[in-house]
Structures are given as C-alpha cells and as structure tokens.
Amino acid sequence: MIRLLLFTILSATVLSSCYDIDEAILPVVGIYRAHVVGVAGPFDLIISTNGGDNVIIEAPFDGIDWYTVKADIDNQHERTMDIRVGNQEIAPFTKMKGTGFFRDGTIELRYSINFDGEWIDFKLVGTKI
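Chemist: Can you tell me about the overall build of the protein, naming the residues and giving the values?
Modeler: When its secondary structure is counted, the protein shows one helix and eight strands. Going through the 129 residues of the protein one by one, you find that 37% of them count as buried. Considering only contacts in the protein between residues 6 or more positions apart, those separated by 24 or more positions represent 33%. About 7900 Å² of surface is accessible on the protein, with carbon and sulfur atoms providing 57% of the total.

In structure tokens:
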C-alpha cells in the first residue's frame, strides 16, 4: 500500500513538473556563428530549449566571459519572433537585460550588462549554422 502511495505521489510530481516544448520556437534552437559588434567574434552561440516558449542562450555576451541567460520567445507564429531577456544576474554583481529578434536564421540581441553599477550596451548578431 505504501509503495502504491509513493508511486502515485512520485508520478504526480513528475507529470506536473514537466513543461511541453512549444514546437513553434524550434527554429530558434541551434548553433549560431555570432559576433558581439565592435567587441568580439566570431564564436558559436548556443540556444537550447528550457520548456514552453523559454530558451537558454550561452555566449560571451561581454566579448570575454561566457554566460548563460534565460530568454522568452514571443510571436512564435509570426515570421519575426521577439526575444526578451529579463533582468537577471549572470555572475556575482553582474546583471543583464535586453531584447532582440529572430528571423530567417538570423538572431540579433540588443542588451545591457551592469558591471558593478555601470550599464554598458552591447549588440550581438548571429547566423544559424
């Protein structure tokens, strides 16, 4: 009886914690040849799914150090998908926020990174490999 109860609780937890991937965002997922305009490049930017319409982006956003950020994809059924990177801490005392778009295998992100109280603006452009 206890095994059945534990199995039921475990199954309910697993099923309720899973998010289906929104298949409309799959064109965004992949590897891109990218540049941080005026700072660094080329490098491989990696975008993977994170459940629903959320993605994880890995890149050297400041041109030097690699960071991982979470982003939300909007307008999934449009030709141009909007990307929103909410204000998040990417390293101790370092925050990042920004917006961008994906269209026809090209991604552009305009974002700001706060290094110890000073906001610096960047632009990243990449083409899907």
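Chemist: Just give me the short version of the sheet that holds strand β1 (residues 30–36), but keep the residues and values in it.
Modeler: Read once around its circumference, the closed barrel built from eight strands follows the order β1-β2-β3-β4-β5-β6-β7-β8, with strand pairing classed as antiparallel. On average, adjacent strands in this sheet sit at an angle of 30 degrees to one another, irrespective of strand direction.

Chemist: Outline the environment of Asp82, supporting the account with residue identities and numerical values.
Modeler: Relative to the helices and strands, Asp82 is located in strand β5 (residues 81–91). Assessed through its relative accessible area of 33%, Asp82 is described here as partly exposed. A C-alpha to C-alpha distance of 4.5 Å links Asp82 and Phe101, two positions 19 residues apart in sequence.

Chemist: Can you explain the packing of aromatic side chains? Please cite residues and give values.
Modeler: Under the definition given, this model contains four aromatic pairs. With a centroid separation of 6.5 Å and an interplanar angle of 90 degrees, the aromatic rings of Tyr32 and Phe102 are classed as edge-to-face. You can see Tyr32 sitting in strand β1 and its partner Phe102 sitting in strand β6 (residues 94–103), a full 70 residues away along the chain. No difference in accessibility class separates Tyr32 from Phe102, as the two residues are buried. Ring plane angle 75 degrees and centroid distance 6.1 Å describe the contact between Phe43 and Trp66, whose orientation is recorded as edge-to-face. Of the two residues, Phe43 is situated in strand β2 (residues 40–49) and Trp66 in the loop between β3 (54–59) and β4 (67–74); the sequence distance between them amounts to 23 residues. According to the relative accessible area criterion, Phe43 is buried, its value standing at 8%. Pairwise contacts between aromatic rings join Phe61, Tyr111 and Phe122 into one cluster.

Chemist: Pulling in residues and values, what's your account of a nonpolar patch on the surface?
Modeler: A contiguous nonpolar surface patch, about 270 Å² in accessible area, is contributed by Ile31, Ile46 and Ile129. Following the sequence through the fold, Ile46 ends up in strand β2.

Chemist: Break down the pattern of salt bridges for me, citing the residues and quoting the values.
Modeler: Going through the model one piece at a time under the given rule, you end up with four salt bridges. A single salt-bridge network, built from bridges that share partners, covers Arg79, Arg103 and Asp104.

Procedures and definitions
- Residues numbered from 1 in each chain as written.
- Predicted model: local features only at pLDDT ≥ 70, side-chain atom pairs only at ≥ 80, totals over all residues.
- Heavy atoms only, no water.
- Helix = DSSP H or I, 4+ residues; strand = E, 2+ residues; numbered from the N terminus.
- Buried < 20%, exposed > 50% of the residue type's maximum accessible area, 1.4 Å probe, protein only.
- Contact = heavy atoms within 4.5 Å.
- Areas by Shrake-Rupley, 256 points an atom, 1.4 Å probe, with all protein chains shown as cover.
- Pairing = 2+ DSSP bridges.
- Axes fitted to C-alpha atoms, helices over the stretch in contact; angles between N-to-C directions.
- Phe/Tyr/Trp six-rings, centres within 6.5 Å; stacked < 30°, edge-to-face > 60°.
- Patch = residues over 30% accessible without salt bridge, like charges linked within 9 Å, V, L, I, M, F, W, Y side chains within 5 Å.
- Salt bridge = Lys/Arg side-chain N within 4 Å of Asp/Glu carboxyl O.

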